[in-house]
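If you want the building blocks of each chain, they are given just below.
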Amino acid sequence: GAVVSQHPSWVICKSGTSVKIECRSLDFQATTMFWYRQFPKQSLMLMATSNEGSKATYEQGVEKDKFLINHASLTLSTLTVTSAHPEDSSFYICSARTNVNSGSYQPQHFGDGTRLSIL
Amino acid sequence: EDQVTQSPEALRLQEGESSSLNCSYTVSGLRGLFWYRQDPGKGPEFLFTLYSAGEEKEKERLKATLTKKESFLHITAPKPEDSATYLCAVHGQGYQKVTFGTGTKLQVIP
């Protein structure tokens, strides 16, 4: 149980294009989803948190106009990197957790990440 | 602000050589402490949740324990397939996000 699917796993595109990454919870209702960025040999850096049907909350220093997050349903969130540039190249990982029928705080479950390379 | 410190940064073990990874934390009202395993190029895989001091969880060769200040991930008779980075994270009261440590990179040599 608690499977999170992230797509695509790998994308290469030209500078200036926009890239959309999808994150789906396959077998549970994801009331909250998170987007992280991870640099080589470093830990996870939280970019934003989104609750279903609400606007995302961005961490300090993350440009919300650059990284558009949509969490329109209980099973799907998307991250769009707009007008991507080489410095946006990174490993992006989503996670999801549920608040449904939970007396205790439930853990986040992660997708397998998207390797984004901007040329 | 919640803080998580993991040690050691890296650990190299011979196959069968048991050891422990440490996760020290400071948090205002612990709602949960989580252990994850991350393989290169993959997202973290959930292992355990611990909610209160004294709690223990086991899964195969792994056992996680919790006190009021730290958690340990004990690895008994590790195998090469246990090689990965192990991440610890805490969730405190009043926050929706969790705070991750920087991880311990474990290498098990055959």
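Refer to the structure above for everything that follows.
Residues numbered from 1 in each chain as written. Chains lettered and ligands numbered in written order. Predicted model: local features only at pLDDT ≥ 70, side-chain atom pairs only at ≥ 80, totals over all residues. Heavy atoms only, no water.

Colleague: Is there a simple way to think about the pattern of salt bridges in this case?
Modeller: Oppositely charged side chains may form a pair once their charged atoms are brought near each other. Enumeration over the complete set of coordinates arrives at seven salt bridges over all chains. A salt bridge links aspartate 112 of chain A to lysine 42 of chain B; its shortest N-O distance comes to 3.9 Å. With aspartate 112 of chain A in the loop between strand 10 (109-110) and strand 11 (114-118) and lysine 42 of chain B in the loop between strand 4 (30-38) and strand 5 (45-50), the pair connects residues from two separate chains. Here aspartate 112 of chain A falls in the partly exposed class, since its relative accessible area comes to 41%. The exposure class of lysine 42 of chain B is partly exposed, given its relative accessible area of 40%. In this structure, the salt-bridge partner of aspartate 82 of chain B is arginine 61 of chain B, at a minimum N-O distance of 2.8 Å. One end of the pair, aspartate 82 of chain B, is in the loop between strand 8 (70-75) and strand 9 (84-92); the other, arginine 61 of chain B, is in the loop between strand 6 (56-59) and strand 7 (62-66), and 21 residues separate them in sequence. (Salt bridge = Lys/Arg side-chain N within 4 Å of Asp/Glu carboxyl O. Helix = DSSP H or I, 4+ residues; strand = E, 2+ residues; numbered from the N terminus. Buried < 20%, exposed > 50% of the residue type's maximum accessible area, 1.4 Å probe, protein only.)

Colleague: Is there a simple way to explain the side chain of serine 77 of chain A in this structure?
Modeller: Residue and element names in this part refer to chain A. Looking at the secondary structure, you find serine 77 in strand 8 (residues 76-81). There is a polar contact of 3.0 Å between the side chain of serine 77 and the side chain of tryptophan 35. The contacts of serine 77, once residues within four sequence positions are left out, are Ile21, Glu22, Cys23, Met33, Trp35, Ser50, Ile69, Asn70 and His71. (Polar contact = N/O pair within 3.5 Å; in protein donor to acceptor, adjacent residues only side chain to side chain. Contact = heavy atoms within 4.5 Å.)

Colleague: Explain the state of the cysteines here, please?
Modeller: Using the criterion set out here, one finds two disulfides over all chains in the structure. Covalently, cysteine 23 of chain A is tied to cysteine 94 of chain A through a disulfide, its sulfur atoms 2.0 Å apart. Taking the sign of the S-S torsion, about 80° here, the bridge from cysteine 23 of chain A to cysteine 94 of chain A comes out right-handed. Of this pair, cysteine 23 of chain A sits in strand 3 (residues 19-25) while cysteine 94 of chain A is found in strand 9 (residues 90-97), placing the two residues 71 residues apart along the sequence. In this structure, cysteine 23 of chain A and cysteine 94 of chain A share a single accessibility class: buried. Cysteine 23 of chain B shares a disulfide with cysteine 88 of chain B; S-S distance 1.9 Å. (Disulfide = S-S within 2.5 Å.)

Colleague: Help me understand the packing of aromatic side chains in this model?
Modeller: In this description, an aromatic ring pair is defined by two values, namely the gap between the centres and the angle between the planes. All names here are of chain A. Counting across every chain of the model gives eight aromatic pairs over all chains. Each ring, one from phenylalanine 34 and one from tyrosine 36, has its centre 6.5 Å from the other, and the planes form 35°; the classification is tilted. Residue classification places phenylalanine 34 among the buried positions, given a relative accessible area of 0%. Among the residues examined, tyrosine 36 registers a relative accessible area of 1% and is labelled buried. (Phe/Tyr/Trp six-rings, centres within 6.5 Å; stacked < 30°, edge-to-face > 60°.)

Colleague: Where do I start with the sheet that holds strand 6 of chain B in this structure?
Modeller: Adjacent strands of a sheet form backbone hydrogen bonds with each other and so pair up, either parallel or antiparallel. Residue and element names in this part refer to chain B. With respect to topology, five strands assemble into an open sheet ordered 1-3-8-7-6, the strand pairing being antiparallel. Among the strands making up the open sheet, the edge pair consists of strand 1 (3-7) and strand 6. In this sheet, adjacent strand axes meet at a mean angle of 15° when their direction is disregarded. As defined by bridge partners, strand 7 adjoins strand 8 across five bridges and the pair is classed as antiparallel. Directly across from leucine 62, in strand 8, lies its bridge partner isoleucine 75. (Pairing = 2+ DSSP bridges. Axes fitted to C-alpha atoms, helices over the stretch in contact; angles between N-to-C directions.)

Colleague: Help me out: how do you make sense of the sheet that holds strand 8 of chain A in this one?
Modeller: Residues and elements named next belong to chain A. An order of 1-3-8-7 is seen for the four strands of this open sheet, with the pairing classed as antiparallel. Both outer strands of the open sheet, strand 1 (4-7) and strand 7 (67-73), are each paired with one neighbouring strand and no more. Averaged over all pairs of adjacent strands, the angle between strand axes in this sheet comes to 15°, irrespective of strand direction. Taken together, the four bridges between strand 1 and strand 3 define a ladder with antiparallel strand orientation. The residue bridging valine 4 from the neighbouring strand is serine 25, located in strand 3.

Colleague: What should I look at first to understand the environment of threonine 85 of chain B in this one?
Modeller: All names here are of chain B. Relative to the helices and strands, threonine 85 resides in strand 9. You can call threonine 85 partly exposed: its relative accessible area is 21%. Sequence-wise, threonine 85 and glycine 103 are 18 residues apart; in three dimensions their C-alpha atoms are separated by 6.0 Å. Non-local contacts of threonine 85, meaning those with residues more than four positions away in its chain, are made with Tyr36, Arg37, Gln38, Gly103, Thr104 and Lys105.

Colleague: In this structure, what is going on with the nonpolar core? I would like to understand it.
Modeller: Of all hydrophobic cores here, the largest spans 24 residues; its most connected members are Trp35, Phe67, Leu79, Tyr92 and Leu116 of chain A. Within the residue set of this core, elements represented by two or more residues are strand 2 (10-13), strand 3, strand 4 (32-38), strand 5 (44-51), strand 7, strand 8, strand 9 and strand 11 of chain A. Counting 22 residues, the second largest nonpolar core, distinct from the first, contains Leu13, Leu50, Leu62 and Val108 of chain B. (Core = buried A, V, L, I, M, F, W, Y, C linked by side-chain atoms within 4.5 Å.)

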